[in-house]
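Descriptive analysis of the structure
Each chain, written out:
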Amino acid sequence: MEQKNGSSFTGFILLGFSDRPQLELVLFVVLLIFYIFTLLGNTTIIALSHLDPHLHTPMYFFLSNLSFLDLCYTTSIVPQLLVNLRGTDKSISFAGCVVQLFISLGLGCTECILLGVMAFDRYVAVCRPLHYTVIMHPRLCVLMASASWLFGITNSLLQTVLIFRLPLCGRNKLDHFLCEIPALLKLACTDITMIQSEIFFVSALDLLLPVAFIMFSYGRIIRAILRIKSAAGQRKAFGMCGSHLTVVTLFYGTAIYAYLQPSNNYSQDQGKFISLFYTIVTPMINPLIYTLRNKDVKGAMRKVLWKDYDSK
């Protein structure tokens, strides 16, 4: 950040929902419950994927990565938000804002790529079932997961540095509940046309390229499923992909609406509630989607619970 912001600059004020004090208590209770369910649900998925040998497959390896990502993503935002909702102090330190933006942006970018990798896994499972174990080798799975994380972190580092080099001229009131790029850009006291274009271009690549790959993969998957003659076989194949497709729709639908729509097309309050959905609600319901529609996960859960009961 440039020196003309002043040496006295120490942090930001997150206005959040402070203009609606009657809403803050309701949001605190609801978000605390959601956060607890997010921790329990995603931790359960990770634990089951490691404890049950039947879940030691590429699909559940990527799913445990997604659950760990959602845990970190939500934890980078919700604790600070809960503190701000219940207290009069709405501030966040400069370093805290930098860290929050870096982590949330990096994990969001990682999830974009990881969902594309999971679509490739489903494509191989449905369209190349006889070669699945050969193609989806453990080393390839680790390589693809690592590449997703590396891309997300690198992209986040570049964008975070770019944002915090902008001069703010002492402005520190963020009309949001978290440090997010659109809100930070509004504080800049310089022409941001160029940087807005650059960020829009990068965001479009991060979102639309994985979406295009996912759509291509599912186009091939649907063609393969329709060639299956038995209705039971079609239902099984659709069941293998239904959970992932639901998660993709929820995540990309809200993210594209939030990042690829011109900011003057929706109100700031609307933007806050959209952000609440993809930062808090989506990570909470992802484990529910995968457990409610997945016999393997439900079976693993029953085995672990019965094993603990029998040991007592």
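Provided above is the structure to which this section pertains.
These lines cover the structure that appears in this document, whether it is placed above or below.

Criteria and cut-off values
- Residues numbered from 1 in each chain as written.
- Predicted model: local features only at pLDDT ≥ 70, side-chain atom pairs only at ≥ 80, totals over all residues.
- Heavy atoms only, no water.
- Helix = DSSP H or I, 4+ residues; strand = E, 2+ residues; numbered from the N terminus.
- Rg over C-alpha atoms; globule rule 2.2 N^0.38 Å.
- Buried < 20%, exposed > 50% of the residue type's maximum accessible area, 1.4 Å probe, protein only.
- Contact = heavy atoms within 4.5 Å.
- Areas by Shrake-Rupley, 256 points an atom, 1.4 Å probe, with all protein chains shown as cover.
- Lys, Arg positive; Asp, Glu negative; His and termini not counted.
- Charge placed at Lys NZ, Arg CZ, Asp CG, Glu CD.
- Arc of directions from axis to C-beta.
- Expected span 1.5 Å × (residues − 1).
- Salt bridge = Lys/Arg side-chain N within 4 Å of Asp/Glu carboxyl O.
- Axes fitted to C-alpha atoms, helices over the stretch in contact; angles between N-to-C directions.
- Parallel < 35°, antiparallel > 145°, perpendicular 65-115°, else oblique.
- Left-handed = near helix turned anticlockwise from the far one by under 90°.
- Nonpolar A, V, L, I, M, F, W, Y, C, P; charged D, E, K, R; others polar.
- Core = buried A, V, L, I, M, F, W, Y, C linked by side-chain atoms within 4.5 Å.
- Phe/Tyr/Trp six-rings, centres within 6.5 Å; stacked < 30°, edge-to-face > 60°.
- Lys NZ or Arg CZ within 6 Å of the ring centre and 35° of its normal.

Tallying secondary structure elements over the chain gives eleven helices and three strands in all. Secondary structure elements in the chain, listed N-terminal to C-terminal, are β-α-α-α-β-α-α-α-β-α-α-α-α-α. Here the C-alpha radius of gyration of the chain, 21 Å, is about what a compact globule of 312 residues would show, namely 20 Å. Buried residues in the chain amount to 47% of all 312 residues. In the chain, of all internal contacts separated by at least 6 residues, the share reaching a separation of at least 24 is 79%. Carbon and sulfur atoms provide 68% of the accessible area of the chain, an area that totals close to 16000 Å². Positive and negative side-chain charges in the chain, numbering 25 and 17 respectively, have mean positions lying 12 Å apart.

Two residues of an α-helix separated by three or four positions point the same way, owing to the 3.6 residues in each turn. Along helix α3 (residues 78–86), the positions that sit buried rather than exposed are V78, L81, L82, N84 and L85. Buried residues of α3, viewed axially, fall in a sector of 165°; they line one side.

With 18 residues, helix α2 (residues 58–75) extends 26 Å between its outermost C-alpha atoms, agreeing within 8% with the 26 Å of an ideal straight helix rising 1.5 Å per residue. Within α2, 14 of the 18 residues are buried, leaving the element largely enclosed by the surrounding structure.

Right, let's talk about the pattern of salt bridges for a bit. Within the structure shown, the criterion is met by three salt bridges. Salt-bridge contacts for E24 lead to K90; the nearest nitrogen and oxygen are separated by 3.0 Å. Pair noted here: E24 is in helix α1 (residues 21–51) and K90 is in the loop between α3 and β2 (91–93), with a separation of 66 residues, a long-range link. K90 carries the same exposure label as E24, and that label is buried. A salt bridge links D121 to R122, with the nearest nitrogen and oxygen atoms 2.8 Å apart.

What follows concerns the packing of helix α6 (residues 138–164) against helix α8 (residues 193–226). For the pair α6 and α8, interaxial distance at closest approach is 12 Å and the crossing angle is 170°. When the axis of α6 is compared with that of α8, the two are roughly antiparallel. Judged by the sense of rotation from one axis to the other, the crossing of α6 with α8 is left-handed. The residues of α8 that touch α6, namely those facing F151, N155, Q159, L162 and I163, are I195, E198, I199, V202 and D206. When its residues are assigned to classes, the contact of α6 with α8 shows six nonpolar, two polar and two charged.

Note on soluble globular proteins: their nonpolar side chains tend to be buried together. Core analysis: the largest hydrophobic core is formed by 64 residues, its most contacted members being L31, F62, L66, L115, Y252 and L276. Of the residues forming this core, the biggest block, eleven residues, is contributed by helix α4 (residues 94–127). Apart from the residues lying within four places of it in its own chain, the contact partners of L66 are E111, L114, L115, M118, V247, N286 and Y290. Listed in part, the 22 residues of the second largest apolar core include I92, C109, I163 and L184.

Among the structural elements, P53 can be located in the loop between α1 and α2. As a C-alpha pair, P53 and A300 span 247 residues in sequence and 9.1 Å in three-dimensional space.

Here we take up the packing of aromatic side chains. By the definition in use, this model includes eight aromatic pairs. For the ring pair F17 and F177, a centre distance of 5.9 Å and an interplane angle of 15° mean the geometry is stacked. Separated by 160 residues along the polypeptide, F17 in the loop between β1 (11–14) and α1 and F177 in the loop between β3 (173–174) and α7 (181–185) bring together distant segments of the chain. Owing to a relative accessible area of 3%, F17 belongs among the buried residues under this scheme. Looking at F177, the relative accessible area reads 1%, which means it is buried. For the pair F17 and F273, a centre-to-centre distance of 5.4 Å together with 50° between the ring planes defines the contact as tilted. Placement of F17 in the loop between β1 and α1 and of F273 in helix α10 (residues 268–292) is noted, with a sequence separation of 256 residues between them. Classification of F273 by relative accessible area gives partly exposed; the value is 36%. Joined through ring pairs, the aromatic side chains of F12, F94 and F164 make up one cluster. Over the aromatic face of F17 sits the side chain of K272, whose NZ or CZ is 5.7 Å from the ring centroid.

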